[in-house]
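Fold and geometry: a report
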Amino acid sequence: DFGYAADKMQWQYRGPHGTRSGLPHPALRGGYQLANASACLTALDALRGRLPVTMDDIRTGLLQAEVPGRFQVLPGRPVTILDVAHNPHAAKALAENLVAMGCSGRTLAVFAMLKDKDIAGVISIVRKHVDHWLIAGIDDARGADAALLLQQLEAAGVTVPITACANIAAAYVQACDRAAENDRILVFGSFYTVAAAMQAHEARKAPKPL
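Being a predicted model, the structure only gives us computed values, none of them experimental. (Residues numbered from 1 in each chain as written. Predicted model: local features only at pLDDT ≥ 70, side-chain atom pairs only at ≥ 80, totals over all residues. Heavy atoms only, no water.)

Observations concerning the sheet that holds strand 5 (residues 79–83)
Put simply, the test is: Only when DSSP finds a minimum of two bridges between them are two strands counted as paired. Secondary structure elements are taken from DSSP: a helix is a run of H or I of four residues or more, a strand is a run of E of two residues or more, and numbering for both begins at the N terminus. Here an axis means a line fitted to C-alpha atoms, over the contact stretch when the element is a helix, while the angle between two N-to-C directions is reported on a 0 to 180 degree scale. By definition in these notes, contact holds between two residues if any of their heavy atoms fall within 4.5 Å.
Taking strand neighbours across the sheet as the criterion, the six strands line up as 4-5-9-6-7-8 in an open arrangement whose pairing is mixed. A strand with exactly one partner marks an edge of an open sheet, and here the two such strands are strand 4 (72–74) and strand 8 (162–164). Here the strands of the sheet are splayed against their neighbours by 20 degrees on average, with no regard to which way each runs. With three bridges joining them, strand 7 (residues 132–135) and strand 8 adopt parallel strand pairing. Its bridge partner being in strand 8, Leu134 is matched across the sheet by Thr163. Most of the contacts of helix 6 (residues 168–178) go to strand 6 (residues 107–111), to which it runs at about 170 degrees, and overall it touches strand 5, strand 6, strand 7, strand 8 and strand 9 (184–188). Its contacts with the sheet place helix 7 (residues 191–205) against strand 4, strand 5, strand 6 and strand 9, and it is angled at close to 135 degrees to strand 9.

Quick look at the nonpolar core
Formally: Buried Ala, Val, Leu, Ile, Met, Phe, Trp, Tyr and Cys residues form a nonpolar core when they are joined through side-chain atoms within 4.5 Å. When a residue's accessible area, from a 1.4 Å probe over protein chains only, is under 20% of the maximum for its type it is buried; when over 50% it is exposed; and in between it is partly exposed.
Residues Leu94, Phe111, Trp133 and Phe188 are the most contacted members of the largest nonpolar core, which totals 25 residues. Within the residue set of this core, elements represented by two or more residues are strand 5, helix 3 (88–101), strand 6, helix 4 (119–126), strand 7, helix 5 (146–155) and strand 9. Among residues more than four places away in sequence, those in contact with Phe188 are Asp83, Ala85, Leu94, Ala109, Val110, Phe111, Ala112, Val122, Val126, Trp133 and Thr193. Leu74, Leu82, Leu108 and Ala112 belong to the second-largest nonpolar core, a separate cluster that totals 22 residues.

So this is what it looks like as structure tokens:
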């Protein structure tokens, strides 16, 4: 028994113990984050006798909350997005966020998934938002190899370029080398995919020995 109303500047929560108005929009991207925040506030209300939280704390939490790997946007250009989306439901949220963000250039996707996930379902939702796929296998017994991903992409009718890479790190490096400043790099499909790309990202940032 809770919900919310919002405009572009702020939002209002209503729950079993009343309403809270003038709340800042969550730092986390996606319209669904207001529903998530409302659920959190309802939980806090239920626990307020044992876990009192002030309105200042709530506002700070909304503005500072981070969830690594959930439409995480790395600083710098080109824009790099990390999203562990590995099922159609998460892929739908990812696609909505991509549309809301907008992009004047191309979207290059670093893509790898586990073979026991709905690969075809994820591709069908995200395919129209990607201009170049850079695919790689996941080094795990459950990982889909690049050949399987290529088969699924072709079966889905993908006609944009597809590049098979030796591993996720190589796919990420190639995406960085190919991307122009107004393009964006999307890394998605699994926790494994995001973790490997993050390691490659940190390695590229590390100072080179003299």
